[in-house]
Amino acid sequence: MEWDKSASLLLEKVPPFVQKIVREKVETLARERGKTLVTEAEVVAAKDRFMGKSNMQATPAKKLIDNEKLSTLRKYPKYFDKDGNPVFYQVKTCRGAEINCPFLITDSGILADKIRKRLEELNFTEKLIDKIEGQILPHHTMKLAVSGCPNSCSMPQIKDFGVHAVESVYVDPDCECIECMKCVETCREDAITVKNGQVSIDKEKCVHCGLCAKVCPVGSIKAEEKKYRVMIGGKVGRHPKFALDLLPQADESMTLKALDVCVDIILSSKTEHRFRTLIEQEEIDKIKKRI
Ligand code: SF4
Ligand code: SF4
Ligand code: SF4
């Protein structure tokens, strides 16, 4: 069957190893539709039928494409669940809750589970498979991390989407400081000054670990609500970069909203660049406004 130029161009975009199958599928459908020439419309119709997002089962051609796309990652069990289904995101957590860590603000596993659930709801893996045209490689997958305190043992600063818990503190003027100096000794950032019963905290130095509030015996320093610092676009490799600050103090729902926006940036991009590059193209301030 003859193909016009635009249809031929579309076929050329299909990976070479499945072009023959795709050609047959398109032509079969075109014949069913009473056509003698394959145009762009026939290719699109075939794509909708065989690769569409309906409840229809994946066709052999689609399965073949997917299997080829996944062949590199199949070498690494971490990209597949126990049933062998692809999972193209990894959410690392710290072991704070498990080891009863003295620095723990919030169990990182709780937010990590919610992040995994959200990525599942968003069909991240399936959409990524559809988006990537050739083989899916490790750098295409999304790396995430959650830590239970600013010590950041799961290394959120070098992940696409990184979070650590924070606990801001403030001085309560109604509680008299007894100058025990426990807060000063505890603060590793040297952020606290106590003089003549007056306590001051240097907000530039403070990393919001909440430890000074824990040790203050009289409540002169108090902790605020536990929140999360959200960072995006960290990466290692040839040109390592630390993540950029997206939200310094976010609650859980804002954190998940930030995740939604980041996923949208990855999936809607027409390129296959690393997430950091996409952020730099989109600009961090514009991303903040979308949350
Ligand atoms: S990140 Fe903080 S809470 Fe988690 S293990 Fe490290 S020090 Fe402990
Ligand atoms: S919250 Fe942590 S870093 Fe900030 S002042 Fe207290 S002990 Fe220091
Ligand atoms: S721990 Fe509390 S009471 Fe002791 S010096 Fe610090 S603020 Fe004052």
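What counts, and where the lines are drawn
- Residues numbered from 1 in each chain as written.
- Chains lettered and ligands numbered in written order.
- Predicted model: local features only at pLDDT ≥ 70, side-chain atom pairs only at ≥ 80, totals over all residues.
- Heavy atoms only, no water.
- Buried < 20%, exposed > 50% of the residue type's maximum accessible area, 1.4 Å probe, protein only.
- Helix = DSSP H or I, 4+ residues; strand = E, 2+ residues; numbered from the N terminus.
- Pairing = 2+ DSSP bridges.
- Near = heavy atom within 4 Å.
- Nonpolar A, V, L, I, M, F, W, Y, C, P; charged D, E, K, R; others polar.
- pLDDT = per-residue confidence, 0-100.
- Contact = heavy atoms within 4.5 Å.
- Salt bridge = Lys/Arg side-chain N within 4 Å of Asp/Glu carboxyl O.

Participant: What am I meant to see in the pairing of strand 7 (residues 198–201) here?
Facilitator: The two faces of a sheet get side chains in turn, since along a regular strand they alternate between them. The alternating pattern of strand 7 places V199 and I201 on a buried face and Q198 and S200 on a face that is not buried. As paired strands, strand 6 (residues 192–195) and strand 7 are joined by four bridges and run antiparallel to one another. Residue pairing in the sheet places T193 in a bridge with S200 of strand 7. Linkage of strand 6 to strand 7, two consecutive antiparallel strands, is achieved through a turn of two residues, within which N196 is found at a positive phi near 50°.

Participant: How should unusual backbone geometry be read in this particular structure?
Facilitator: Backbone phi values are negative for most residues with the exception of glycine, while trans is the configuration of most peptide bonds. Positive phi outside glycine occurs at N123, with the angle close to 55°. With respect to the helices and strands, N123 occurs in the loop between helix 5 (108–121) and helix 6 (124–131). Despite not being glycine, E283 shows a phi value in the positive range, around 80°. Mapped onto the secondary structure, E283 falls in the loop between helix 10 (275–282) and helix 11 (284–289).

Participant: What should I look at first to understand the site of ligand 2 in this one?
Facilitator: Around ligand 2 lies a shell formed by V169, C187, E189, I192, I201, C206, V207, C209, G210 and C212. For the shell around ligand 2, the residue count by class is eight nonpolar, one polar and one charged.

Participant: What is the right way to look at the confidence of the model for the chain in this model?
Facilitator: Caution is warranted with low-pLDDT regions, since their predicted coordinates should not be read in detail. Per-residue confidence for the chain gives a mean pLDDT of 91, with 94% of residues at or over 70. Predicted confidence is poor over residues 52–58, with pLDDT under 50, and the contacts of this stretch with residues over four places away or in other chains come to five contacts.

Participant: I would appreciate a short explanation of the pattern of salt bridges in the present structure.
Facilitator: Inspection of the entire model under this criterion finds 19 salt bridges. Residue R290 is joined to E282 by a salt bridge in which the shortest nitrogen-to-oxygen separation is 2.9 Å. D285 is the salt-bridge partner of K288, the closest N and O atoms lying 3.9 Å from each other. Of this pair, K288 and D285 are both found in helix 11, three residues apart, which corresponds to roughly one turn of the helix. The class of K288 is partly exposed, set by a relative accessible area of 34%. D285 sits in the partly exposed class, given a relative accessible area of 47%.

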